[in-house]
Amino acid sequence: MDKPTILVVGATGQVGSLLGPALLKCGAHVRGMIRTPERAAALPAGVEPVVADLRDPRAVAGALYGVDAVFLNSPSAPDAADLQIQFAERARSVGVPRLVLLSQYAARSDSPVRFLRWHAAVESYVRALGLDEWSVLRPNLYLQGALGFAGLIREQGRFGAPIGTSAVSAVDVRDIADAAAVVLTRPGHHGRTYTLTGPRAVTHAEIAQALSEAVGAEIAFTDVPPEAFAALLRTMMPEWQADGLIEDYAHYARGEAAEVCPDVAELTGRPARDLTDFARDYATAFRPAQPAGRG
Ligand SMILES: NC(=O)c1ccc[n+]([C@@H]2O[C@H](COP(=O)([O-])OP(=O)(O)OC[C@H]3O[C@@H](n4cnc5c(N)ncnc54)[C@H](OP(=O)(O)O)[C@@H]3O)[C@@H](O)[C@H]2O)c1
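For clarity, every value in this text was computed on a predicted model and none was experimentally measured.

Novice: Residue-level account of the overall build of the protein chain, with values.
Specialist: Helix and strand counts for the protein chain stand at twelve helices and nine strands. Since a compact globule built from 295 residues should have a radius of gyration of about 19 Å, the 19 Å found for the protein chain is in line with a globular shape. Overall size of the protein chain, expressed as C-alpha extent along the three principal axes, is 55 × 45 × 35 Å. For the protein chain, the proportion of its 295 residues judged to be buried stands at 50%. The contacts in the protein chain between residues at least 6 apart in sequence include a share of 74% that link residues at least 24 apart. Here the protein chain carries 28 positive and 33 negative side-chain charges, and the mean point of each set is 3 Å from the other.

Here it is in structure tokens:
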């Protein structure tokens, strides 16, 4: 490929918004798929906007025109698996040579976690589709997920989740984007499934400790019962999503997501970012606002 054109689905999302710049750095032409023209403002500089909702097959076909590779992220929707499957089918029918699927750590068709069953269904569809080249990325819990607690941490200096003392090999989203950029732009990844984790498994108390040190103020972690966490989540998101997150957390609490894999380092050629890197680089998001009048 000379200057490959790469379509990023979910280009405004957590991984997609970092993947665009990573692909530009690799010399690719990047097309960012957005649902409405207004979302173009959220795209990173240098990424070409293309308006296509996953629910609009004609627009999706247009977005896929002339594309050399596609990054298929999952939308937050109860029919996410169907939408991804329809997208993958369309990519095959227009002859896209390479598809990289964002799945999740421990995706399994018999998982008690609905998101992992959904990801497993898309994975097995993509594997059987007959694309020229496909690869699967299975990231563990995102370290940037802690940003979801940032408001609470800034206001009250604490956060909670139903995970107890179980450790998770949470991964920095910047590493997912860097690894995805390699798989999308370089040969040799056909048929491979990569497990993307951090360099160690960390407990939520260790996350609190790392954030405390980076912010320079005490941040406490409290284990909370799943029912209380679910009640809080249901005030913030639809029920299917809150229930799915509770299942995710039960899986973490069972200690099923502590495995550390070398794939980030092997793909990117450097060690995966540690929790302390995340805490240092994102400290501002967790630091309480200074009262007016103080330096
Ligand atoms: N969070 C974690 O710790 C974690 C860990 C492992 C795997 N994952 C997986 O990552 C995936 C993404 O989750 P996320 O929360 O990080 O979301 P995200 O990628 O930050 O956001 C979803 C993206 O999809 C776009 N989108 C939503 N509906 C769409 C539609 N109908 N058509 C086209 N684009 C659409 C959104 O566009 P707008 O900007 O317009 O909303 C946004 O860019 C999920 O499958 C999740 O299972 C997450």
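Having seen it, we continue.
Novice: Pulling in residues and values, what's your account of the sheet that holds strand 1 (residues 5–8)?
Specialist: Pairing is parallel in the open sheet, where seven strands are placed in the order 3-2-1-4-5-6-8. Strands at the two margins of the open sheet, each flanked by one partner only, are strand 3 (48–51) and strand 8 (192–196). Strand-to-strand twist across the sheet, computed as the mean angle between neighbouring axes with direction ignored, equals 20°. For strand 2 (residues 29–34) and strand 3, the ladder comprises four bridges, and the chain directions are parallel. Bridging from a neighbouring strand, Met 33 pairs with Val 50 of strand 3. Of the strands in this sheet, strand 5 (98–102), strand 6 (133–139) and strand 8 are in contact with helix 4 (residues 114–128), which crosses strand 6 at around 160°.

Novice: Could you give an account of the pattern of salt bridges, naming the residues involved and the relevant values?
Specialist: The final tally for this structure, using the stated rule, is 19 salt bridges. Among the salt bridges present, the one from Arg 31 reaches Glu 48, with a minimum N-O distance of 3.5 Å. Here Arg 31, found in strand 2, pairs with Glu 48, found in strand 3; they are 17 residues apart in sequence, far enough to count as distant. A residue is classified by how much of its surface remains accessible, and Arg 31, at 13% relative accessible area, is buried. For Arg 174, the salt bridge goes to Asp 172, with nearest N and O atoms at 2.8 Å. Residue class for Asp 172 comes out buried when judged on its relative accessible area of 0%. One salt-bridge network, held together by shared partners, links Asp 172, Arg 174, Asp 277, Arg 280 and Asp 281.

Novice: Explain the environment of Leu 99 to me, and be specific about the residues and the numbers.
Specialist: Position of Leu 99 relative to the elements: it lies in strand 5. Residue Leu 99 is classed as buried on the basis of its relative accessible area of 0%. Separated by 37 residues in sequence, Leu 99 and Val 136 have C-alpha atoms that sit 8.6 Å apart.

Novice: Describe the layout of surface pockets, and please don't skip the residues or the numbers.
Specialist: What the second largest pocket holds in volume is close to 220 Å³. Surrounding the second largest pocket, Leu 18, Pro 21, Ala 22, Lys 25, Cys 26, Arg 174, Ala 177, Asp 178, Ala 181, Val 182, Arg 186 and Arg 273 form its lining. Those elements that provide at least two residues to the lining of the second largest pocket are helix 1 (16–25) and helix 6 (173–185). Counting residues per element, the lining of the second largest pocket draws most heavily on helix 6, which supplies five residues. Tallied by class, residues from the lining of the second largest pocket come to seven nonpolar, no polar and five charged.

Each value, and the rule that gives it
- Residues numbered from 1 in each chain as written.
- Predicted model: local features only at pLDDT ≥ 70, side-chain atom pairs only at ≥ 80, totals over all residues.
- Heavy atoms only, no water.
- Helix = DSSP H or I, 4+ residues; strand = E, 2+ residues; numbered from the N terminus.
- Rg over C-alpha atoms; globule rule 2.2 N^0.38 Å.
- Buried < 20%, exposed > 50% of the residue type's maximum accessible area, 1.4 Å probe, protein only.
- Contact = heavy atoms within 4.5 Å.
- Lys, Arg positive; Asp, Glu negative; His and termini not counted.
- Charge placed at Lys NZ, Arg CZ, Asp CG, Glu CD.
- Pairing = 2+ DSSP bridges.
- Axes fitted to C-alpha atoms, helices over the stretch in contact; angles between N-to-C directions.
- Salt bridge = Lys/Arg side-chain N within 4 Å of Asp/Glu carboxyl O.
- 1 Å grid on protein atoms, 1.4 Å probe; cavity = no way out; pocket = protein on both sides within 12 Å on 5 of 7 lines; lining within 4 Å.
- Points joined across faces, edges and corners; volume = space filled by probe spheres on them.
- Nonpolar A, V, L, I, M, F, W, Y, C, P; charged D, E, K, R; others polar.

In short, shape yes, function no, at least from these values alone.
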